[in-house]
Amino acid sequence: MKFVRIKLFVCLVILIAAVSFSSCSRDPLTEDPTIALTFDDGPDSLYTLQILDILKEKNVKATFFLTGKHIRQYPLVAKRIVNEGHSVGNHTYSHLYISSSSDSVINYEILTTQHLIDSTCGSNSKLFRAPWGAITVQQVKNLELQGYKNISWDIDTRDFESTSEEIVNFVMEHPHKGGIVLMHSADYSDMQSRAETVKALPEIIDRLRSEYHYSFVTIEQLIK
Ligand SMILES: [Zn+2]
């Protein structure tokens, strides 16, 4: 009888130790991994609105890199983006290819867009993303001296040339903690559809949540 009690006691100690150890060792893993959805080239009066509706319905906050030209054309959509809790960033005024542009043109494009972000959206964000990601190391340094944070991406959906199925599959094959997903909420030249992006978005959100337990953050939340 005594032997059985000792055995039971030992088992209990081992069990408590195992539970304590597993709960301690699991702490970092119980924190949901975060991922940031980003949308370039908006706002517009069609796809950006559809994307905002989906994000609202799914309770997801994202980041929109806006061109000054489009903010000026669609100020109410630009304002809605910020009003609904999303972050915005500067994507130049005319979707400029900045790595081969002069400093004065770049400064004009960025400052004009920044003024529109401040005055139209009511945001003091100083995030920047170069069109096509084309920017030199020196230009990044110059921007940083002016207080901007240059934001790239590491999950490029190439949504501008992909079907919704391809967009979903690409994201689901490449998610990682702290990842930045690149999509587009408009076309900088207003020529191309973004319907496939809109179609893919609900499934991307649902599957990142259900299959990987991701939570969605803005770039400002991701980098702070
Ligand atoms: Zn762009």
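The shown structure was predicted, so the numbers you read here are calculated from the model rather than taken from an experiment.

## Points about the packing of aromatic side chains
Here is step 1 of the chain: Inspection of every chain in the model, using the stated rule, returns four aromatic pairs.
Here is step 2 of the chain: Here Tyr 97 and Trp 132 contribute two aromatic rings whose centre-to-centre distance is 5.6 Å and whose plane-to-plane angle is 55°, an arrangement assigned as tilted. In this pair, Tyr 97 sits in the loop between strand 3 (87–90) and helix 5 (103–121) while Trp 132 sits in the loop between strand 4 (127–128) and helix 6 (137–145), placing the two residues 35 residues apart along the sequence.
Here is step 3 of the chain: What makes Trp 132 partly exposed here is its relative accessible area of 46%.
Here is step 4 of the chain: Ring geometry for Tyr 212 versus Tyr 214: centroids 6.0 Å apart, planes at 50°, classification tilted.
Here is step 5 of the chain: Cluster of aromatic residues (ring-pair linked, three or more members): Tyr 97, Trp 132 and Tyr 188.

## Focus on the coordination of the zinc ion
Here is step 1 of the chain: Surrounding the zinc ion are the protein donor atoms Asp 41 (OD), His 91 (NE2) and His 95 (NE2), at 2.0 to 2.1 Å.
Here is step 2 of the chain: Each donor residue of the zinc ion lies on one chain, and together they are spaced D-x49-H-x3-H. Within this pair, whereas Asp 41 is found in the loop between strand 1 (34–40) and helix 2 (47–58), its partner His 95 is found in the loop between strand 3 and helix 5, the two being separated by 54 residues in sequence.
Here is step 3 of the chain: When its relative accessible area of 3% is taken as the criterion, Asp 41 is described as buried.
Here is step 4 of the chain: The exposure class assigned to His 95 is buried, which follows from its relative accessible area of 7%.

## A look at the pairing of strand 2 (residues 63–66)
Here is step 1 of the chain: Of the two faces of strand 2, the one lined by Thr 63 and Phe 65 and the one lined by Phe 64 and Leu 66 are each fully buried.
Here is step 2 of the chain: Where strand 1 meets strand 2, three bridges bridge the pair, whose relative direction is parallel. Following the sheet pairing, Phe 39 is matched in strand 2 by Phe 64.
Here is step 3 of the chain: Read from strand 1 through helix 2 to strand 2, the crossover connection turns out right-handed.
Here is step 4 of the chain: Here strand 2 pairs with strand 3 via four bridges, running parallel.

Definitions and limits used
- Residues numbered from 1 in each chain as written.
- Predicted model: local features only at pLDDT ≥ 70, side-chain atom pairs only at ≥ 80, totals over all residues.
- Heavy atoms only, no water.
- Phe/Tyr/Trp six-rings, centres within 6.5 Å; stacked < 30°, edge-to-face > 60°.
- Helix = DSSP H or I, 4+ residues; strand = E, 2+ residues; numbered from the N terminus.
- Buried < 20%, exposed > 50% of the residue type's maximum accessible area, 1.4 Å probe, protein only.
- Donors = N, O, S within 2.8 Å, 3.2 Å for Na, K, Ca; no water.
- Pairing = 2+ DSSP bridges.
- Right-handed = clockwise from strand over helix to strand, strands pointing away.

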